[in-house]
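Residues per chain, in single letters:
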Amino acid sequence: MTTFSGRRTRVLAATTATAGLVLVAACTSSGNGGSKTAAGGVQLVKAGQLTTCTHLPYPPFQSERNGKYEGFDVSMIDLVAKDLGVKQQILDTPFENFKTGAFLNSGQCDLAAAGMTITAERKKNVDFSDPYFDATQALLVDKNSGITSLADAKAKKVKLGAQAQTTGEDYAKKEGFDPVSFESSDAVLNGLRAGQVKAVVIDYPVVQGWLKDKANADAFKLAGQINTGEQYGFTVKKGNTKLLAAINKAIKNAKADGTYKKLYEKWIGPYDAAAASPSAS
């Protein structure tokens with residue numbers, strides 16, 4: 001990942017229809033009357049709010065539109081915030097920090113939600129929630145490239161792109177590519193548009209979102225899905241068992257009462273029942 005010249009710390013408003021929360025940019029002492037202790041004894045870094053670290057943009061999981069945050073991850077964590085009796089506030093940070101847990105350890109965020117794959121390496125630095133999403137990688141190519149698969153791209157020595165510090169980039173390297181690294185998912189797509197690369201490897205739900213746009217669908221095509229067995233999880237600081245339990249409870253309840261299905265269909269696409277009951281990572 002390209003190192004940021006300065007840390008982006010945009011705390012913007014966010015709304016989701018499911019949670020019915022209107023989140024304002026200013027820090028307010030709502031919910032628990034200014035206490036940093038939320039429902040269930042969960043300790044928060046700031047009173048009255050659940051502070052979420054993320055990295056933008058990464059639609060359909062998190063993105064900014066008209067000054068507000070939205071997406072599947074945003075909606076899921078809104079459920080956690082509602083259970084805790086507080087509001088969710090979102091902090092946009094470099095993705096590399098999610099691997100180390102830096103912003104969790106420094107007390108700037110309560111949790112991280114960034115479409116993040118659960119890996120053994122990352123577990124050394126953070127505690128993951130139960131898996132909430134089964135993910136696959138996708139190969140998206142320029143329609144005029146003639147590329148039909150990842151093996152074909154390798155045989156043709158095609159310049160391949162991926163988002164830096166992600167499992168998609170790791171996978172491409174393991175397959176023998178020297179991928180062009182882009183800072184964000186938007187940068188990946190722009191690289192493909194500009195012809196910097198002829199193909200990209202990135203999470204399939206992201207590609208699904210891109211191809212909903214007619215201009216993208218006319219220019220690019222899905223050349224294959226890659227089942228890497230990945231599962232997403234939310235993360236908390238190591239040892240933060242009460243918040244972790246609250247997150248897991250919200251995930252479980254959302255799957256049981258149909259909320260998960262509604263959010264999946266709203267943000268991801270046609271519902272995949274397998275995604276609602278992923279095996280333990």
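The structure under discussion appears in the preceding block.
One structure accompanies this document, and this report is about it.

## Examining the overall build of the chain
So, point 1. A tally of helices and strands in the chain yields eleven helices and 14 strands.
So, point 2. Sequence-distant contacts in the chain: of pairs separated by 6 or more residues, those separated by 24 or more amount to 72%.
So, point 3. With an accessible surface of roughly 12,000 Å², the chain has 49% of that area assigned to carbon and sulfur atoms.

## Describing the state of the cysteines
So, point 1. Following the criterion strictly, the structure yields one disulfide and no others.
So, point 2. What pairs with C53 in a disulfide is C109, and their sulfur atoms sit 2.0 Å apart. Of note, the bridge from C53 to C109 carries an S-S torsion of about 60 degrees and is right-handed in sense. A residue pair is termed long-range when its members are at least 10 positions apart, and C53 in strand 3 (residues 49–54) and C109 in the loop between helix 3 (102–105) and strand 7 (111–112) qualify at 56 residues. Pair check on accessibility: C53 and C109 agree, each one buried.

## Some thoughts on the sheet that holds strand 7
So, point 1. Ordered in space as 6-3-7-14-8, the five strands form an open sheet in which the pairing is mixed. Since the sheet does not close on itself, it has two edges, and those belong to strand 6 (87–92) and strand 8 (126–128), each with one partner.
So, point 2. Those strands touched by helix 1 (residues 72–84) are strand 3, strand 6 and strand 7, and its axis lies near 135 degrees from that of strand 6.
So, point 3. On top of the sheet, helix 10 (residues 241–257) reaches strand 3, strand 7, strand 8 and strand 14 (235–237); it is set at about 165 degrees to strand 14, its chief contact.

## Structural notes on the nonpolar core
So, point 1. Of all hydrophobic cores here, the largest spans 47 residues; its most connected members are L50, F72, M76, L84, F133 and W210.
So, point 2. Contributions of two or more residues to this core are made by helix 1, strand 9 (133–142), helix 7 (185–193), strand 12 (199–203), helix 8 (204–211), strand 13 (220–232), helix 10 and helix 11 (259–267).
So, point 3. Not counting the four nearest positions on each side in its chain, M76 is found in contact with F234, I251, A254, Y260 and L263.

## Thoughts on the environment of G48
So, point 1. With respect to the helices and strands, G48 occurs in the loop between strand 2 (21–23) and strand 3.
So, point 2. When its relative accessible area of 2% is taken as the criterion, G48 is described as buried.
So, point 3. Between the C-alpha atoms of G48 and Q88, which are 40 residues apart in sequence, the distance is 8.8 Å.

## Section: the pairing of strand 12
Across a regular strand the side chains alternate sides, sitting on one face of the sheet and then on the other.
So, point 1. The element strand 12 is largely enclosed, with a buried count of five among its five residues.
So, point 2. As defined by bridge partners, strand 10 (residues 160–163) adjoins strand 12 across three bridges and the pair is classed as parallel. Bridge assignment links G161 to a residue of strand 12, and that residue is V200.

## Structural notes on the packing of helix 1 against helix 11
So, point 1. Interaxial distance between helix 1 and helix 11 falls to 9 Å at its minimum, and their mutual angle equals 155 degrees. One element, helix 1, and the other, helix 11, form an angle in the roughly antiparallel class. Between helix 1 and helix 11 lies a crossing of right-handed hand. The residues of helix 11 that touch helix 1, namely those facing F72, S75, M76 and L79, are T259, Y260, L263, Y264 and W267.

## Topic: the side chain of D73
So, point 1. Along the chain, D73 falls in helix 1.
So, point 2. Despite its burial, D73 pairs with no opposite charge; the closest candidate is R122, at 11 Å N-O.
So, point 3. Once residues lying within four places of it in the same chain are set aside, the contact partners of D73 are F61, Q62, A113, A114, G115, Y132 and F234.

## Some remarks on the sheet that holds strand 10
So, point 1. An order of 11-10-12-9-13 is seen for the five strands of this open sheet, with the pairing classed as mixed. Bordering the open sheet on either side are strand 11 (180–182) and strand 13, each of which pairs with just one other strand. The average undirected angle you get between the axes of adjacent strands in this sheet is 25 degrees.
So, point 2. Judged from the three bridges that link them, strand 10 and strand 11 form a sheet pairing that is parallel. Within strand 11, the position partnered with G161 by the bridge is V180.

Scoring rules and cut-offs
Residues numbered from 1 in each chain as written. Predicted model: local features only at pLDDT ≥ 70, side-chain atom pairs only at ≥ 80, totals over all residues. Heavy atoms only, no water. Helix = DSSP H or I, 4+ residues; strand = E, 2+ residues; numbered from the N terminus. Contact = heavy atoms within 4.5 Å. Areas by Shrake-Rupley, 256 points an atom, 1.4 Å probe, with all protein chains shown as cover. Disulfide = S-S within 2.5 Å. Buried < 20%, exposed > 50% of the residue type's maximum accessible area, 1.4 Å probe, protein only. Pairing = 2+ DSSP bridges. Axes fitted to C-alpha atoms, helices over the stretch in contact; angles between N-to-C directions. Core = buried A, V, L, I, M, F, W, Y, C linked by side-chain atoms within 4.5 Å. Parallel < 35°, antiparallel > 145°, perpendicular 65-115°, else oblique. Left-handed = near helix turned anticlockwise from the far one by under 90°. Lys, Arg positive; Asp, Glu negative; His and termini not counted. Salt bridge = Lys/Arg side-chain N within 4 Å of Asp/Glu carboxyl O.

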